[in-house]
Amino acid sequence: MEPIIRVQAEDFDAAAEARTLTQTDKTIGAVVTFTGLCRDDGGVLSALELEHYPGMAEAEMLRIARLAIERFQLLGLTAIHRYGKIATGENIVLVIAASRHRQAAFDGANFMMDYLKTSAPFWKKEHGKDGKSGEWISAKDVDESAKDKWR
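First, a word on scope: everything that follows refers to the structure included in this document. (Residues numbered from 1 in each chain as written. Predicted model: local features only at pLDDT ≥ 70, side-chain atom pairs only at ≥ 80, totals over all residues. Heavy atoms only, no water.)

## What to know about the nonpolar core
M61, L77 and M112 are the most contacted members of the largest nonpolar core, which has 33 residues in total. For this core, the secondary-structure elements that each account for two or more residues are β1 (4–8), β2 (30–37), β3 (45–52), α2 (56–72), β4 (76–82), β6 (91–99) and α3 (102–119). Not counting residues within four places of it along the chain, the set of residues in contact with L77 comprises M1, P3, I4, L21, A65, A68, I69, V95, I96, A97 and M112. Grouped together as the second largest cluster of nonpolar side chains are nine residues, L21, L75, L94 and I96 included. (Core = buried A, V, L, I, M, F, W, Y, C linked by side-chain atoms within 4.5 Å. Buried < 20%, exposed > 50% of the residue type's maximum accessible area, 1.4 Å probe, protein only. Helix = DSSP H or I, 4+ residues; strand = E, 2+ residues; numbered from the N terminus. Contact = heavy atoms within 4.5 Å.)

## Examining the pairing of β4
Among the seven residues in β4, seven count as buried, and that is most of the element. The pairing of β1 with β4 spans five bridges and is classified as parallel. The residue of β4 that forms the bridge with Q8 is R82. (Pairing = 2+ DSSP bridges.)

## A look at unusual backbone geometry
One non-glycine residue, Q73, lies in positive phi territory at about 50°. The residue Q73 is located in the loop between α2 and β4 in this model.

## Observations concerning the sheet that holds β1
Spatial ordering of the open sheet is given by β1-β4-β6-β2, a layout of four strands whose pairing is mixed. Each of the sheet's edge strands pairs with one partner strand only, and the pair in question is β1 and β2. Strand-to-strand twist across the sheet, computed as the mean angle between neighbouring axes with direction ignored, equals 5°. Against the sheet, α2 makes contact with β1 and β4, and its axis sits at roughly 150° relative to β1, the strand it touches most. The strands touched by α3 are β2, β4 and β6; relative to β6, the strand with the most contacts, the crossing angle is about 145°. (Axes fitted to C-alpha atoms, helices over the stretch in contact; angles between N-to-C directions.)

## Overview of the pairing of β3
By the criterion of burial, β3 is predominantly enclosed, with six of the eight residues buried. In this sheet, strand β7 (residues 122–128) lies alongside β3 in antiparallel orientation, the contact comprising seven bridges. The partner of L45 across the bridge, within β7, is G128. Relative to strand β5 (residues 84–87), β3 is paired through four bridges, and the arrangement is antiparallel. Across the sheet, residue E49 finds its bridge partner in β5, namely K85.

Structure below.
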């Protein structure tokens, strides 16, 4: 089973992607869908600018997805990551994991996100409501700690 991996500027439809992933395999008993959104914690953010290393980002996402499929015996996995300027409230990332049983689907989706946040070459820059651009955002220690639980 080969995962579905995409890096794109366009928005995605999570429900349509889940239907595509599950429509042909009747042995799937669980589907976990995670959608990451651009949030504004402090009321000052208008958008995030996301950049990626073309080719390398897709390759790393594929590598992580294959690990998740093997480790959790997933029957399907979709990972889509957007790039460009993304307004608050809009979709950034989608991970869908399908398996025979729920725990494998939950674990597979969680594993994929933990590694995607720390291993795939994506960078974020904040854009404020005041029209100013911030600095490129550094990786967070909490994301590295989340990934460590899978080792």
